[in-house]
Amino acid sequence: MSKLKILFATGNQNKVKEVQKLVENDEIEILSLKDLKLDNLDVEENGKTFEDNAKIKAEFFSKHTDLPVIADDSGLVIDALNGEPGVYSARYLGETLSFKDKCKIILEKMKELKSIKDRSARFVCVACLAKNGKIILCKEGRVEGYISFELRGEKGFGYDPIFFYPQLNMTFAEMPLEEKNKISHRFKAFKSLFEEIKKLPELTREVSNS
Ligand code: ITT
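Residues numbered from 1 in each chain as written. Predicted model: local features only at pLDDT ≥ 70, side-chain atom pairs only at ≥ 80, totals over all residues. Heavy atoms only, no water.

1. Description of the pairing of strand E5 (residues 134–147)
No. 1: In the sheet, strand E4 (residues 120–131) pairs with E5 via 12 bridges, with the strands oriented antiparallel. By the bridge assignment for E5, Cys125 is matched with Gly141.
No. 2: Between E4 and E5, which pair antiparallel in sequence order, lie two residues; one of them, Asn132, sits at a positive phi of approximately 45°.
No. 3: Where E5 and strand E6 (residues 163–165) come together, two bridges link them in antiparallel fashion. Residue Ile147 lies in a different strand from E6, and its bridge partner there is Phe163. (Pairing = 2+ DSSP bridges. Helix = DSSP H or I, 4+ residues; strand = E, 2+ residues; numbered from the N terminus.)

Here is the structure:
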């Protein structure tokens, strides 16, 4: 049986890598915007919530292909910063600043918070599925942790070097992808999205017919 092809509509190649790894031995095949030559398209993420923005992206790109489309919106929510950077995670402190510098500025803002319990944070991911311009379903995943006292690790992307995961005593940037992919917000959201997708006859029928 051939695999169910799904477009993952993201301009972030790190996200593509993570989600392709998730379905490595699965009946689902993740294609990127580049694979479908749709990487010249962009849509404004002007929603107020992760779910709004995930829907905007999935809906928009699903008007440009007949394949089912998934998109995610995700970010880091820091309690001590009133939920910042939150839905603005990608644009926080300006799009030209590197994520390393954004991480350093966050650490500076939090330098007076000496106790780990005052540094609580979570990564949130909402992943949505759309087909032919219509949203079919969305799933959310979260992972709880703390903002570290210094940047640690070179793996991952974005805010990974300052997101400390106490159960493994390391930041996400110190964690091999296989480990991050067992616990992350993206893993949780996509795992439950893929479970639901496999139950949808109008999508899976196309797999057995192809
Ligand atoms: P697309 O919108 O094209 O998918 P993006 O990178 O702009 O790509 P988002 O709008 O969802 O993605 O922004 C989320 C930002 O939050 C992202 O740029 C990272 O900085 C951060 N982020 C999300 N998930 C992360 C993770 O697993 N590790 C580190 N940072 C993450």
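2. Re the packing of aromatic side chains
No. 1: The full count for this structure, using the stated rule, is eight aromatic pairs.
No. 2: Ring centres of Phe60 and Phe61 lie 4.9 Å apart, and the angle between their planes is 90°; on these two criteria the pair is classed as edge-to-face.
No. 3: Judged by relative accessible area, which is 22%, Phe60 ranks as partly exposed.
No. 4: With 4.7 Å between their ring centres and 50° between their planes, Phe123 and Phe163 make a pair best called tilted. Of this pair, Phe123 sits in strand E4 while Phe163 is found in strand E6, placing the two residues 40 residues apart along the sequence. Just as Phe123 is buried, Phe163 falls in that class too.
No. 5: Clustering of aromatic rings is evident, with ring pairs tying together Phe123, Phe163, Tyr165 and Phe172.
No. 6: Over the ring of Phe99 we find Lys102, and its NZ or CZ is 4.7 Å from the ring centre. (Phe/Tyr/Trp six-rings, centres within 6.5 Å; stacked < 30°, edge-to-face > 60°. Buried < 20%, exposed > 50% of the residue type's maximum accessible area, 1.4 Å probe, protein only. Lys NZ or Arg CZ within 6 Å of the ring centre and 35° of its normal.)

3. Focus on the sheet that holds strand E1 (residues 4–8)
No. 1: If you walk across this open sheet you meet the seven strands as E2-E1-E3-E4-E5-E6-E7, and the pairing is mixed. The sheet terminates laterally at strand E2 (28–32) and strand E7 (170–171), the two strands that pair on one side only.
No. 2: The strands touched by helix H5 (residues 185–198) are E1, E2, strand E3 (69–78), E4 and E5; relative to E5, the strand with the most contacts, the crossing angle is about 155°. (Contact = heavy atoms within 4.5 Å. Axes fitted to C-alpha atoms, helices over the stretch in contact; angles between N-to-C directions.)

4. Looking at the state of the cysteines
No. 1: Under the defined criterion, the tally for this structure stands at one disulfide.
No. 2: For Cys128, the disulfide goes to Cys138, at an S-S distance of 2.2 Å. Looking along the S-S bond of the Cys128-Cys138 disulfide, the torsion reads about 105°, which is the right-handed sense. Of this pair, Cys128 sits in strand E4 while Cys138 sits in strand E5; the two residues are 10 residues apart in sequence, bridging distant segments of the chain.
No. 3: What makes Cys128 buried here is its relative accessible area of 0%.
No. 4: Summary of cysteine pairing: Cys103 is not part of a disulfide, and the nearest cysteine sulfur, belonging to Cys125, is at 18 Å.
No. 5: Unpaired in this structure, Cys125 has its nearest cysteine sulfur neighbour in Cys128, at a distance of 9.1 Å. (Disulfide = S-S within 2.5 Å.)

5. Examining the pattern of salt bridges
No. 1: According to the stated counting rule, one finds 20 salt bridges in the structure shown.
No. 2: Across the salt bridge formed by Glu195 and Lys191, the nearest N and O atoms sit 3.3 Å from each other. Of this pair, Glu195 and Lys191 both sit in helix H5, separated by four residues, roughly a single helical turn.
No. 3: For Glu195, a relative accessible area of 41% puts it in the partly exposed group.
No. 4: Take Lys191: its relative accessible area is 41%, and that puts it in the partly exposed class.
No. 5: Each of Lys15, Glu18, Asp72, Asp160, Lys180 and Arg186 takes part in salt bridges that share partners, so that together they form one network. (Salt bridge = Lys/Arg side-chain N within 4 Å of Asp/Glu carboxyl O.)

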